[in-house]
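Take a look at the letters that make up each chain.
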Amino acid sequence: MIAKSDRQLALWNIGISYIAFIIGTFCGLLQVFIRNDKLQLPKFLDYYQILTAHGVLLALVFTTFFIFAFLIAGMSKTLGSFGPRVRFFLWLGLWVTAIGTTLATAMIISGEASVLYTFYAPLKASGWFYVGLALLIVGTWFTSFALLGHYLVWKKQNKGKFSPLFAYMTVATLLLWIIACLGVVTTVLFQYIPWSFGWTETINVELSRSLFWYFGHPLVYFWLLPAYMAWYVVMPKIIGTDVFSDSLARFSFVLFILFSFPVGFHHQLTEPGIDSFWKFLQVVLTFMVVVPTLMTAFSMFATFETSGRKKGATGLFGWFKKLPWKDVRFTSLFIAMLFFIPGGAGGIVNASFQLNELVHNTLWVVGHFHITVGTPVAMTFMGVTFWLVPYLTGRTFPKYLQKLAHIQIFSWAVGMLLMSTAQHLLGLLGAPRRTAYSGYNGHESALEWFQGILSNHVTMAIGGTILFFSAMLLVYIVANLMFVTPKAATEEEAVEFPIAKSDTSHTAKLLENWGLWVGIALALILMAYAMPLTEMIQHSPPGSRGFIT
Ligand code: HAS
Ligand code: CU
């Protein structure tokens, strides 16, 4: 069991993440109904406001706080408890992030920041929204540097040793986050804040979007990598085996540091002002960043098979039956992985220069991110919640709650399957995203426009409703694990933090040479971005004064 103060830090982070989850999922429910023309919002709310709250609270706030809770608990678990200085900065980071979040959310709720979670210029929010975002990032930096400091102290005390796999992966994730934030911090501080407070009249739109996506793509891997940590480090322990290959796991994380950045243009393929050569280069590099995911998929199947064979499985697929299907910690992660197969495949479609023309700015993309971040990542976090919260509170996870957890996981899967399939199909048929009204094509409303069984806004709404039910069930489970279930009286009752053994005897020393990997990453960033960003500044058209919805 880790130190009490470390547990409190992690619990506060989880608590805030689930508050954001409650509000965010409620806005999601409103969303599918507005899309369906079934609901008139009260006068003081509008579509873009709700959509902004949904995206910011779930994609940015829920994920970030949950991720830091997981990393904090795991770093304390694998490297020992935090010293006073590290602990101070972890608390400071928590509060600064929370204040930034509150400020940004207040601006959204008061209708001063209906700019969606990508806050694309020329949409303009109140300056305080951007200040809130800046504080949010600064807060996460305090936390990130504190955790890196904790790692450095451990390194000093354990000269020549490999860091435990969990800590290694944490460092990789934090480096990715810090380098990614440089882009968004630059645009928020030097473009959005001066513009929104009226110190400058106009904004260079293309530059702001490019700096955003320089951040926005690695952001999706900042969500994904902690889920991969659970897959690589936690999953083998749950199914009774060791990490399949320590060096493969570490190398896949290194590849994410290298290739997550020089690819942001794959979100801007339809935008003018970027020479197609640079788009093409970044599209090619996007296909490079698929490699570490395929390595992960290989490694996972190998883990399942090794575990199954240990338990006596024979034949090609005999191991499948030996997996612990009744253990919700396993089932949640397994379903999460399954969703990533179509999710990632859709990503390949998006990233293909020509196919992107068809799907860009349609509901297809919304379908894509609900089966990447909305299921593989989110469901992995749910699976982690089921043991992390009772581990931190010292409470039990009784059988009846485990049953509910199974229902929660399955209902999320069913809801998401319906909603995202409908979204993908509607997108292919041309239903736009990021817009309240989709009744064009000669029809009065979207209801007349799409009449298929799956290509239907009603199917999407049914899926969304099931998801909301599932989300509330999850909140009920979390509240119980935090405050209600009995404290574990014996060792057996206590819930563990599952960490699998990882054999470092064949791992290359080079893998922990962070300077080298960050250096190569920076070189790739320069190669992909230096020229096009310079061109955007030199040949910028007159900037935009902005629009307020
Ligand atoms: Fe994405 C848009 C490309 C992964 C999240 N993505 C988004 C947005 C979000 C997001 C939030 O290139 C919307 C942003 C916005 O609001 O505008 N994405 C990719 C690619 C990958 C990818 C190439 N995305 C993710 C992950 C996310 C995420 C992960 C969150 C966690 N994405 C794009 C592109 C766009 C985009 C374009 C812009 C679209 C536009 O026009 O706006 C890759 O990382 C995916 C790699 C994964 C795989 C799948 C793994 C395969 C496995 C199969 C092995 C299994 C086997 C067994 C062989 C390639 C595991 C077979 C079994 C059977 C049952 C058949
Ligand atoms: Cu991307």
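Rules used throughout
- Residues numbered from 1 in each chain as written.
- Chains lettered and ligands numbered in written order.
- Predicted model: local features only at pLDDT ≥ 70, side-chain atom pairs only at ≥ 80, totals over all residues.
- Heavy atoms only, no water.
- 1 Å grid on protein atoms, 1.4 Å probe; cavity = no way out; pocket = protein on both sides within 12 Å on 5 of 7 lines; lining within 4 Å.
- Points joined across faces, edges and corners; volume = space filled by probe spheres on them.
- Nonpolar A, V, L, I, M, F, W, Y, C, P; charged D, E, K, R; others polar.
- Helix = DSSP H or I, 4+ residues; strand = E, 2+ residues; numbered from the N terminus.
- Expected span 1.5 Å × (residues − 1).
- Donors = N, O, S within 2.8 Å, 3.2 Å for Na, K, Ca; no water.
- Near = heavy atom within 4 Å.
- Polar contact = N/O pair within 3.5 Å; in protein donor to acceptor, adjacent residues only side chain to side chain.
- Core = buried A, V, L, I, M, F, W, Y, C linked by side-chain atoms within 4.5 Å.
- Buried < 20%, exposed > 50% of the residue type's maximum accessible area, 1.4 Å probe, protein only.
- Contact = heavy atoms within 4.5 Å.
- Salt bridge = Lys/Arg side-chain N within 4 Å of Asp/Glu carboxyl O.

Enquirer: What is the right way to read empty space enclosed by the protein from this model?
Expert: Here the idea is plain: a probe the size of a water molecule rolls over the atoms and shows the empty space left. According to the stated counting rule, one finds one cavity of 30 Å³ or more in the structure shown. Here the largest cavity defines a volume of roughly 40 Å³. Considering only residue class, the lining of the largest cavity consists of three nonpolar, six polar and no charged.

Enquirer: When you look at helix α14 (residues 399-428) in this model, what are you seeing that I'm missing?
Expert: Since one α-helical turn is 3.6 residues long, residues separated by three or four positions face the same way. Between its terminal C-alpha atoms α14 stretches 43 Å, which fits the 44 Å expected from 30 residues at 1.5 Å a residue. Following α14 by one or two positions, Gly-430 adopts a phi angle in the positive range, close to 110 degrees.

Enquirer: I would appreciate a short explanation of the coordination of the copper ion (ligand 2) in the present structure.
Expert: Coordination angles at a metal have ideal targets, namely 109.5 degrees for four tetrahedral donors and 90 or 180 degrees for six octahedral donors. The copper ion (ligand 2) binds to the protein through His-217 (ND1), His-266 (NE2) and His-267 (NE2); the donor distances cover 1.9 to 2.1 Å. Sequence spacing of the donor residues for the copper ion (ligand 2), all on one chain, is H-x48-H-H.

Enquirer: Could you clarify how one ought to interpret the site of ligand 1 in this entry?
Expert: In the region of ligand 1, 29 residues are neighbours, and Tyr-221, Asn-356, His-360, His-368 and Arg-433 sit closest. Take Tyr-117: an N or O atom from its side chain is 2.8 Å from an oxygen atom of ligand 1. The contact in question runs from an oxygen atom of ligand 1 to an N or O atom on the backbone of Ala-351, over 3.1 Å. In terms of residue count, helix α10 (residues 328-351) provides more of the shell around ligand 1 than any other element does, seven residues in total.

Enquirer: When you look at the nonpolar core in this model, what are you seeing that I'm missing?
Expert: Within soluble globular proteins, side chains that are nonpolar generally end up buried alongside one another. With 192 residues, the main nonpolar core has Phe-119, Phe-129, Tyr-130, Trp-231, Phe-304 and Leu-388 as its most contacted residues. Beyond its immediate chain neighbours, meaning those up to four positions away, Leu-388 contacts Ile-14, Phe-70, Ala-73 and Phe-497.

Enquirer: Quick question: what am I supposed to make of the layout of surface pockets here?
Expert: Each pocket or cavity is described by its volume, and for the second largest pocket that value is around 460 Å³. If you go around the second largest pocket, you meet 19 residues; those closest to its centre are Leu-11, Trp-12, Gly-15, Met-482 and Phe-483. Looking at the lining of the second largest pocket, the elements that each hand over two or more residues are α1 (4-34), α13 (373-393) and α16 (457-484). Of the residues that constitute the lining of the second largest pocket, the class distribution is twelve nonpolar, three polar and four charged.

Enquirer: Quick question: what am I supposed to make of the pattern of salt bridges here?
Expert: Between side chains of opposite charge, pairing is possible as soon as their charged atoms come close. In the structure shown here, the tally under the stated rule is eight salt bridges. Close ionic contact of Arg-329 with Asp-327 constitutes a salt bridge, the shortest N to O distance being 2.8 Å. You'll find Arg-329 and Asp-327 in the same group, each marked buried. In the salt-bridge network here, residues are joined through shared partners; they are Asp-327, Arg-329 and Glu-496.

Enquirer: Mind showing me how you'd approach the coordination of the iron atom of ligand 1 here?
Expert: From the protein, the iron atom of ligand 1 takes a single donor atom, His-368 (NE2), 2.2 Å away. The metal-metal distance between the iron atom of ligand 1 and the copper ion (ligand 2) comes to 4.6 Å. Note that His-368 resides in helix α12 (residues 363-370).

Enquirer: It is not clear to me how the environment of Thr-421 should be interpreted in this structure. Could you clarify?
Expert: With respect to the helices and strands, Thr-421 occurs in helix α14. Taking the C-alpha atoms as reference points, Thr-421 and Trp-364, separated by 57 residues in sequence, lie 8.8 Å from one another. Setting aside residues up to four positions removed in sequence, Thr-421 forms contacts with Met-416 and Leu-454.

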